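Coordinates in review
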Amino acid sequence: MSASKLDAVYRSILLTKFFTKGWGKPENLRRLFEFRKVVSNRDECFKLVERDYPVTITKEQNLTDCRLLEGYFLTPLERYLPGIVPEIAQKAHFQILLPVHWPDPRCKPVCLHLAGTGDHFFWRRRNLMVKPLLKEAGVGGIILENPFYGLRKPTDQVRSSLHNVSDIFVMGGCLILESLVLFHWCERNGLGPLGVTGLSMGGHMASLAATNWPKPLVLVPCLSWSTASAVFLQGVMSHSINWDLLEDQYMSDGVYREKLSKMVTIVDEAFLAGKKFARTYTQTMENTAAMKPQTNTDDIIDSLKFNVGAKKMDITYKENAKTNAQIVDNKQTVDNKIDLPHSVKSVVDVEDEIIKEELRKLLCDNKISQILYNKLTSNKHFELEPQDIEFINKLDDGKLKVFLLKYQSDIPKMSTVSDNISNEKLPLDGNNNKTVKITPAIENSNSVNQNKESSNENKALVTPDEKISTSLIKKERKSWNVSELTSDLWVNLPFMKSGKKIDIGKIHWRDREALQFMRGIMDECTHLSNFSVPFDTSLIIAVCAKHDAYVPREDVGTLEEIWPGAEVRYVDAGHVSAYILHQSLFRSCIKEAFERSKLRWRDGKHVD
């Protein structure tokens, strides 16, 4: 579904920036990664908070429509990770609103409300969610102040601008354990059934908190999804992060690359691989059907299988990958030409024509030069000159990927400048005045075979009687053929390592190592598949916005897959418009989930 333009506009006018001081201390990240393995196991995490954990009530007041209580307790996270929570955030403040008279004295439902991004203090949740639920359904509410927000905000922090990436994980660890404290307090005071909810970030924190309560628990996460990685790397929030600072810090400190990166895993890597294969397979099948509508279905499938097998596409990013080794079969030689079936050749021809048409449009719009156009539409290897690189960098991501995905079925093994020099054993000592010239024109297997018979120019890539550039020798400059690149490897092009600033709107997260690290640590600490499945998924009703530009849902696992039995509902809106216009829907889902829970509530506890 298309992303909401309102979300993008709203985010663009906000001044709040995130992670202005970088990743956080490497040691803190390491401790958080290790602690995540404990809190992600319900049995282990539940032991961290005792049933009689001390809670202090500082205020109790009877109002006309409800009872109001306020209090605090020390966050349990400080006990297990000393010094990782800022001192001002160590005291967890909360507010509780309960009915003056319960509709059913044997059933006293209470819902914990966690804060979304920017939701400081209690007033917003109290007026928009807790009081209406209290009035409409007799559901009590607990409002917990987030670490780094409101009364728990460090004095040098501006609004919601978390200083470090690690702060978001500290916040999550605190809320998971603090939720257990409040659930225990409710049970000690005869309250139940219990539930937890939140909007946006609060919805995801509510999901994490629900995984560690070993009893049936109502869960209604609103405007959130299965992981926070997509929020910071693909959603509009990604534009509020100083990626250049994060990358500089990541590349300059070896601890991030050498130790911490090995502790995290991109959870949805297999999901992305399967999705990419399915998309490629379907697109190729459509092209084949369009070319030969009379072809038997079995023939099409056989051709496609051959096509996929011959493509040798490696969809995973490897830090020190060599383009030749990834794309070209090392056993393939120039003389060993693949003989493709006619149907596959037809598909290749169609794909080439489509790409050439796209490039013609770019040429007509003066977005690429005639020289670059000639290079991209030829079957020859070529070198990207500085002016070519400028044209390419100005293109939007979609167009760039179109010609980088150009596919040619009979690709020969590509030779590099360094390979050719070593093969010819050129004398490059200082006493030798002879230099050589690099000839970048290496054609495909058909052209090479023809040149062997008809041209003396291309008999050898390096001619001893010609000149060679010393700068090329030092840099080992390579010839490139776009037919031998895939969208996942285009970052290995020299111009992508030129030190240009990161434009998150044009660069995919897999194209930069620092962005991959961000994806990895976000998945490690926030992906729901890394945590226990809630005790009773039938009490889960998630509400999502179809056009949510803050919380993209593409390329990540779904809630239904991670939590079988959970229900997901969608509103036809974006993130911001859903928050403004659909508060009543969020409340109705909470009421419905509690009605389900009440059906199994007897004598102060759930029964099967």
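As the structure is a computational prediction, the values presented were derived from the model and not from experiment.

This paragraph deals with the overall build of the protein chain. Secondary structure summary: the protein chain contains 24 helices and 13 strands in total. Every one of the 608 residues in the protein chain was classed for burial, and the buried ones make up 54%. Contacts spanning at least 24 positions in sequence make up 78% of the contacts within the protein chain whose residues lie at least 6 apart. Per element, the accessible surface of the protein chain, about 28000 Å² overall, is 52% carbon and sulfur.

Looking now at the confidence of the model for the protein chain. Residues of the protein chain with pLDDT of at least 70 account for 65%, and the chain-wide mean is 75. When pLDDT is averaged over each element of the protein chain, strand 4 (residues 110–114) comes out on top at 98 and strand 8 (residues 437–438) at the bottom at 34. This stretch, residues 300–348, has a pLDDT under 50; its non-local contacts, to residues over four places away or in other chains, come to 93 contacts. Confidence drops under pLDDT 50 across residues 404–500; counting only partners more than four residues distant or on other chains, this segment forms 187 contacts.

Before going further, it helps to examine unusual backbone geometry. Here Gly192 and Pro193 are connected by a cis peptide whose omega angle stands at 5°. Relative to the helices and strands, Pro193 is located in the loop between helix 6 (165–188) and strand 6 (194–199). Of note, Arg159 is a non-glycine position whose phi angle comes to about 45°, a positive value. Relative to the elements of secondary structure, Arg159 occurs in the loop between strand 5 (140–144) and helix 6.

Moving on to the pairing of strand 1 (residues 56–62). Judged from the six bridges that link them, strand 1 and strand 2 (residues 67–74) form a sheet pairing that is antiparallel. What sits directly across from Thr56, in strand 2, is Tyr72. Where strand 1 folds back on strand 2, the antiparallel hairpin that results is connected by four residues.

In this model helix 24 (residues 583–598) runs 23 Å from its N-terminal to its C-terminal C-alpha over 16 residues, within 8% of the 22 Å that 1.5 Å per residue would give. Listed in full, the buried residues belonging to helix 24 are Gln583, Phe586, Arg587, Cys589, Ile590, Ala593, Phe594 and Ser597. Looking down the long axis of helix 24, one finds its buried residues gathered within 160° of arc, a one-sided arrangement.

So, about the nonpolar core. Counting 97 residues, the largest nonpolar core has Trp23 and Met518 as its most contacted members. Take this core: its biggest share by element is 15 residues, from helix 6. Setting aside anything within four residues of it in sequence, one finds Trp23 in contact with Leu29, Asn164, Val165, Ser166, Leu246, Gln249, Tyr250, Tyr256, Ala514, Phe517, Met518 and Ile521. Within the second largest apolar cluster, 20 residues are counted, among which are Ala545, Phe586, Cys589 and Phe594.

Conventions used here
Residues numbered from 1 in each chain as written. Predicted model: local features only at pLDDT ≥ 70, side-chain atom pairs only at ≥ 80, totals over all residues. Heavy atoms only, no water. Helix = DSSP H or I, 4+ residues; strand = E, 2+ residues; numbered from the N terminus. Buried < 20%, exposed > 50% of the residue type's maximum accessible area, 1.4 Å probe, protein only. Contact = heavy atoms within 4.5 Å. Areas by Shrake-Rupley, 256 points an atom, 1.4 Å probe, with all protein chains shown as cover. pLDDT = per-residue confidence, 0-100. Pairing = 2+ DSSP bridges. Expected span 1.5 Å × (residues − 1). Arc of directions from axis to C-beta. Core = buried A, V, L, I, M, F, W, Y, C linked by side-chain atoms within 4.5 Å.

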